[in-house]
Amino acid sequence: MGGGGRMSDPPSGKKTAAEALKRAPHEKPPFTIGDLKKAIPAHCFEKSLVTSFRYLIQDLLMAYALYYVATNYIDQYLPSPLNYVAWAAYIAVQGCVLTGAWVVGHECDHDAFSNYNWINDLVGLVVHSSLLVPYFSWKISHRRHHANTQSLENDEVYVPRFKSNIRNYYKLLNNPPGRVLVWLTTLLIGFPLYLMFNVSGHKYERWTSHYDPHSPLYSDRERKEIIISDIAILAVIYGLYQLVLAKGFAWVFCVYGGPLLVVNGWFVLITILNHTHPSLPYYDSTEWDWLRGALCTVDRDYGILNKVFHNVCNAHVCHHIFSMIPHYHGLEATEAMKPILGEYYQYDGTPILKAMYREMKECIYVEKDEGETKGVYWYRSKF
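If you look the chain up in an unreviewed UniProt entry, it shows as Fatty acid desaturase domain-containing protein from Daucus carota subsp. sativus. Comment text from UniProt for the chain, heading Subcellular location (unreviewed entry), reads "Membrane". Of the comments in the UniProt record for the chain, the one headed Sequence similarities (unreviewed entry) reads "Belongs to the fatty acid desaturase type 1 family."

Caption draft 1: How the structure looks around the UniProt feature "domain: Fatty acid desaturase" (unreviewed entry) in the chain. When the UniProt feature table is mapped to this numbering, "domain: Fatty acid desaturase" (unreviewed entry) covers residues 87–347. Across residues 87–347, helical content stands at 60% and strand content at 2%; the span's end C-alpha atoms are separated by 35 Å.

Caption draft 2: Quick peek at the pattern of salt bridges. Considering all chains together, one arrives at 16 salt bridges under this definition. Note that arginine 206 is salt-bridged to aspartate 212, the shortest N-O span being 4.0 Å. What makes aspartate 212 buried here is its relative accessible area of 16%. For aspartate 220, the salt bridge is made with arginine 223, and the minimal N-O distance between the two is 3.1 Å. Look at the salt bridges and you will find they share partners, linking Arg23, Glu367, Asp369 and Arg380 into a network.

Caption draft 3: Expanded view of the packing of aromatic side chains. Summed over all chains, the structure comprises 24 aromatic pairs. Considering the side-chain rings of tyrosine 55 and tyrosine 328, the 5.8 Å spacing of their centres and the 0° angle between planes classify their relative orientation as stacked. Of this pair, tyrosine 55 sits in helix 3 (residues 49–77) while tyrosine 328 sits in the loop between helix 13 (316–321) and helix 14 (330–341), and the two are 273 residues apart along the sequence. Between the aromatic rings of tyrosine 302 and phenylalanine 309, the centroid separation amounts to 6.4 Å while the plane-to-plane angle is 65°, which identifies the pairing as edge-to-face. When sorted by exposure, tyrosine 302 lands in the same class as phenylalanine 309, which is buried. Here the aromatic residues Tyr64, Tyr67, Tyr68, Tyr73, Tyr77 and Trp251 are joined through ring pairs into a cluster of three or more. For the cation-ring pair, lysine 247 lies above tryptophan 251, with the distance from its terminal atom to the ring centre recorded as 5.2 Å. Sitting over the face of the ring of tyrosine 283, arginine 292 holds its NZ or CZ atom 4.9 Å from the ring centroid.

Caption draft 4: Spotlight on the UniProt feature "transmembrane region" (unreviewed entry) in the chain. Mapped onto this numbering, the UniProt entry annotates "transmembrane region" (unreviewed entry) at residues 55–74, 86–104, 116–136, 180–197, 226–244 and 250–273. Each end of residues 180–197 is marked by a C-alpha atom, and these two atoms are 23 Å apart; helix forms 100% of the span and strand 0%. Helix makes up 100% of residues 226–244 and strand makes up 0%, while its end C-alpha atoms are separated by 27 Å.

Caption draft 5: The packing of helix 5 (residues 117–130) against helix 6 (residues 135–147), seen in detail. With their axes 9 Å apart at the nearest point, helix 5 and helix 6 run at an angle of 110° to one another. If you check the angle between helix 5 and helix 6, you find them roughly perpendicular. Along the contact surface, helix 5 presents Asn120, Asp121, Gly124, Leu125 and His128, while helix 6 presents Tyr135, Phe136, Trp138 and Lys139. Considered class by class, the residues forming the contact of helix 5 with helix 6 number 4 nonpolar, 3 polar and 2 charged.

Caption draft 6: The environment of asparagine 120, seen in detail. By the element assignment, asparagine 120 lies in helix 5. For asparagine 120, a relative accessible area of 0% corresponds to the buried category. Apart from residues no more than four positions distant in its own chain, asparagine 120 is found in contact with Cys108, Asp111, Phe113, Ser114 and Tyr135. A polar contact of 2.9 Å, which involves the side chain of asparagine 120, links it to the side chain of serine 114.

Caption draft 7: Focus on the side chain of aspartate 109. Among the structural elements, aspartate 109 can be located in helix 4 (residues 82–109). No salt bridge is formed by the buried aspartate 109; the nearest opposite charge belongs to lysine 139, separated by 6.7 Å. Within the local environment of aspartate 109, its side chain forms a polar contact with the side chain of histidine 128, the two groups lying 3.5 Å apart. Ignoring sequence-local partners within four residues, the contact set of aspartate 109 consists of His128, Tyr135, Trp138, Lys139, His142 and Arg143.

Caption draft 8: Molecular detail of the nonpolar core. In terms of nonpolar packing, the biggest core is built from 40 residues, with Trp102, Trp138, Trp183, Phe191, Leu269, Tyr302 and Phe309 touching the most fellow members. Those elements that place two or more of their residues in this core are helix 4, helix 8 (176–197), helix 10 (249–275) and helix 15 (352–362). With 11 residues, the single largest contributor to this core is helix 10. When neighbours within four sequence positions are excluded, phenylalanine 309 is seen to be in contact with Cys96, Thr99, Gly100, Val103, Trp266 and Ile270. Grouped together as the second largest cluster of nonpolar side chains are 20 residues, Ile40, Leu291, Ile325 and Ala333 included.

Rules used in this analysis
Residues numbered from 1 in each chain as written. Predicted model: local features only at pLDDT ≥ 70, side-chain atom pairs only at ≥ 80, totals over all residues. Heavy atoms only, no water. UniProt positions renumbered as here; feature names shortened; annotations may be inferred. Helix = DSSP H or I, 4+ residues; strand = E, 2+ residues; numbered from the N terminus. Salt bridge = Lys/Arg side-chain N within 4 Å of Asp/Glu carboxyl O. Buried < 20%, exposed > 50% of the residue type's maximum accessible area, 1.4 Å probe, protein only. Phe/Tyr/Trp six-rings, centres within 6.5 Å; stacked < 30°, edge-to-face > 60°. Lys NZ or Arg CZ within 6 Å of the ring centre and 35° of its normal. Axes fitted to C-alpha atoms, helices over the stretch in contact; angles between N-to-C directions. Parallel < 35°, antiparallel > 145°, perpendicular 65-115°, else oblique. Contact = heavy atoms within 4.5 Å. Nonpolar A, V, L, I, M, F, W, Y, C, P; charged D, E, K, R; others polar. Polar contact = N/O pair within 3.5 Å; in protein donor to acceptor, adjacent residues only side chain to side chain. Lys, Arg positive; Asp, Glu negative; His and termini not counted. Core = buried A, V, L, I, M, F, W, Y, C linked by side-chain atoms within 4.5 Å.

What follows is the structure in structure tokens.
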């Protein structure tokens, strides 16, 4: 994990806390999306079916190798309690590897996997469903998030609270043990709760779920795709049920369930930290526009996991501006844009555990600056 603060170049040294929390520019940028696109080498926009499959197969082979070693050697050769330690290590490492596969599947959401829509959807459906994510349902809501990033009225997920909406129980949790508890709960069940009950998502007038074909998330023409997603999820659940009958719940949990919890935890952590930072503004409808919203993301440093996660964490700004760029070109495109982005490029190399605690402490609700008439909102922490 990196050390440092917000800067326009990769971290070469630590920054002070004040520099790390310096507010990002919120005025309309002096450049256009066209200027940024011209700065990026043309080949960065090219998608290679062979390269995309190479990364996916690489992840799957690594996952199989871990599975093979775990199921053939841990219980057979390690005495208790060393076998429990080995299973815990397997769950942690396998969860990271499968998060990489999740990221490659996520490329399909944005048609960045290949130039063929049917291949993108087929691969995305298989990969996401295997990890109990409804592919088309997620693809639709996730694209809406990309279309409305940092919009208080229209962003699809991680919509911040206003001070008036803070409930009393949250004030009780505004302390070190409470923040740790909130993080653990969020990482453990946050993603399933979002998919099932739209927890932390955009507020709709009625009950909303990614599994409901008639959810307000979707249009009439999209409902068949939601049904396909649900059928695929049910097929995976049925397969897991058969595995439980054959192998037992403990075996299925250790081999699949535990790593899946790690995948969900990493996904939630990555998305929260890429979009939550004391320096980032939110906009209401009077100020928001697409480019300013897309610029309100922050690249993070996860150390060696940057490669395992295919640079989705440290090239996230680029991903929000040009989501069709494949992950294997993300870093090059980021470097090409930096001279134009200038202060609009946000990077924070603060160690991840420290950043988790700081963001949970400092980013509780949003409000305007005192006397501010524009629709620009900043994170606050004082009740």
